[in-house]
Amino acid sequence: MDVRPSLASFSFDAARFDELRQRVSSGVLDPSANRLATAPTPLTKPPVDLRPGADEARTAQRRARLGAKGEAALRAGKVGILVLNGGMATRFGGGAKGVVPVVEDHPRASFLAVKLGQVRVAAERLGARIPVVLMHSFATQGASEAHLAEIDWSGVNPGDRDAFSQSIMPRVLPDGTPLPELSGASELPDADLYCAPGHGDTLGRLRGSGALGRLQARGVEHLLISNVDNLGASLDPVVLGAHLEAVEGGAGVSVEVVRREAGDAGGCVAQLEDGTGAIVEAFRLPEGVDLVDYPHFNTNTLWVTTEAADREVPLTWFAVRKRIEWPDASRVGADGKLEVVQFERLIGQITETVKSAYLEVDRTARFCPIKVREDLQKEADVLRTFAREAGVIS
């Protein structure tokens, strides 16, 4: 099928799309197929605990050792940061979440401004060159690029700036019909007809865009990957040091996890049947499985070696059902909305094939996701602190 000319540059894979929509129409890619046949066991080997401990002397000594290791890697130019600024931000009201101010009355103090400011501050403190790569989507790229020009990337060295866009997929009806082919489609914005297919294509697009090759050419061996809305996920040398030790033990990925709290509804860390510790999203667990049985919560902050990123990793395509507004009343349900399917993959599945370590971090310091606009007010004090420490506000 044809994609609108304005979207043709977003790595649309027509052959893959046709395969997926046929699997949806045949029932093979039904939501029930997303679930594992049996419940995985909780992680048997506990994560490396990086939280403040009761034994303060031992904790301080260990943090000093890890911090020194992390700072040495940063000064040597071996570490970069990849910020996930793509997706659709549907729970946030749509649009480019990265450009939204996180501090009231400071319109330039956006998620992106703080994320980039954190890198600039770290680079200045260590006398280091730290490259930053941003991943946009078709829904976020335009607004993000304009905002980045306005804030001059928060002062990040121009030679350390890079970006690419994730791929795109049309949404379809449950029978596999692409939404852009329906009558009335021309009345709707692209964001209703198409989707960014999850953060699972991050590493593939990192390679395909050439950004990974550029990082490797300058000697980068490790990447911190985090969501743009989690300002806690900064370049902490101590956490980096723990990742480096895990790599010395054979790991290619280190995942930051926190202790699960009430309301945490995302991915857990579990033990698969072959003994592999892996991230498992909640919607993949069998019906009736209680997340409370899995004490560790995935923050979607990963430290990945560029060697591990530079390989094809098999990731599952999931069919995710959504309900959207549609102008043709004959097609909508009793709620006035149309059921659609979008195809997504998850970056966390890399842990099923690449040996991974798990780092339990201080939730308050490292994990502050802003998923809905109400969270901005709820976390106002914390966000203001992040913005101040990043030099975005005084």
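To keep things clear, this report deals only with the structure shown in the data block. (Residues numbered from 1 in each chain as written. Predicted model: local features only at pLDDT ≥ 70, side-chain atom pairs only at ≥ 80, totals over all residues. Heavy atoms only, no water.)

## Observations concerning the pattern of salt bridges
Okay, step 1: The full count for this structure, using the stated rule, is 27 salt bridges.
Okay, step 2: Residue lysine 69 is joined to glutamate 248 by a salt bridge in which the shortest nitrogen-to-oxygen separation is 3.2 Å. Of this pair, lysine 69 sits in helix α2 (residues 56-75) while glutamate 248 sits in helix α8 (residues 237-248), placing them 179 residues apart in sequence.
Okay, step 3: Residue class for lysine 69 comes out partly exposed when judged on its relative accessible area of 26%.
Okay, step 4: For glutamate 248, a relative accessible area of 59% corresponds to the exposed category.
Okay, step 5: A salt bridge links aspartate 229 to lysine 97; its shortest N-O distance comes to 2.8 Å. In this pair, aspartate 229 sits in the loop between β8 (222-227) and α8 while lysine 97 sits in the loop between β3 (79-85) and α3 (111-126), placing the two residues 132 residues apart along the sequence. The burial state of aspartate 229 is the same as that of lysine 97; both residues are buried.
Okay, step 6: Overlapping salt bridges, with partners in common, bring together Asp49, Arg51, Arg259 and Glu360 in one network. (Salt bridge = Lys/Arg side-chain N within 4 Å of Asp/Glu carboxyl O. Helix = DSSP H or I, 4+ residues; strand = E, 2+ residues; numbered from the N terminus. Buried < 20%, exposed > 50% of the residue type's maximum accessible area, 1.4 Å probe, protein only.)

## A word on the pairing of strand β10 (residues 268-271)
Okay, step 1: Covered by surrounding structure in β10 are Cys268 and Ala270 together with Val269 and Gln271, the residues of both alternating faces.
Okay, step 2: Sheet topology note: the strand β1 (residues 41-42)/β10 ladder contains two bridges and is antiparallel. Note on β10: the bridge partner recorded for threonine 41 is glutamine 271.
Okay, step 3: Between the antiparallel neighbours β10 and strand β11 (residues 277-280) lie five residues, among them glycine 275 with a positive phi of about 90°. (Pairing = 2+ DSSP bridges.)

## Considering α2
Okay, step 1: If you check α2, its first and last C-alpha atoms are 28 Å apart, about what 20 residues at 1.5 Å a residue would give, namely 28 Å.
Okay, step 2: Where α2 is concerned, the buried positions are Thr59, Leu66, Gly67, Gly70, Ala73 and Leu74. With its buried residues spanning 120° around the axis, α2 presents them on a single face. When the buried face of α2 is taken as reference, the exposed residues oriented beyond 90 degrees from it are Ala57, Arg58 and Gln61.
Okay, step 3: With its phi angle positive at about 75°, glycine 77 sits one or two positions after the end of α2. (Expected span 1.5 Å × (residues − 1). Arc of directions from axis to C-beta.)

## Observations regarding helix α4 (residues 141-151)
Okay, step 1: Buried within α4 are the following residues: Ser144, His147, Leu148 and Ile151. Looking straight down α4, one finds its buried side chains confined to an arc of 105°; they lie on one side. For α4, the exposed residues lying more than 90 degrees away from the buried face are Gly142 and Ala149.
Okay, step 2: Residues of α4 that are buried in the fold lie against β3, α3 and β4 (132-136).
Okay, step 3: Count one or two residues on from α4 and you reach aspartate 152, which has phi positive near 50°. (Contact = heavy atoms within 4.5 Å.)

## Overview of the side chain of threonine 299
Okay, step 1: Inspection of the secondary structure assignment puts threonine 299 in strand β12 (residues 296-305).
Okay, step 2: By relative accessible area, which is 5% here, threonine 299 ends up buried.
Okay, step 3: In terms of polar contacts, threonine 299 uses its side chain to reach the backbone carbonyl oxygen of glutamate 256, at 2.7 Å.
Okay, step 4: Apart from the residues lying within four places of it in its own chain, the contact partners of threonine 299 are Asn227, Glu256, Val257, Val258 and Phe367. (Polar contact = N/O pair within 3.5 Å; in protein donor to acceptor, adjacent residues only side chain to side chain.)

## Focus on the packing of aromatic side chains
Okay, step 1: The tally for this structure, following the rule as stated, stands at seven aromatic pairs.
Okay, step 2: Between phenylalanine 10 and phenylalanine 138, the ring centres sit 6.4 Å apart and the planes meet at 70°, which makes this aromatic pair edge-to-face. Note that phenylalanine 10 is positioned in the segment before α1 (14-26) and phenylalanine 138 in the loop between β4 and α4, a separation of 128 residues in sequence. Take phenylalanine 10 and phenylalanine 138: they sit in the same class, and that class is buried. (Phe/Tyr/Trp six-rings, centres within 6.5 Å; stacked < 30°, edge-to-face > 60°.)

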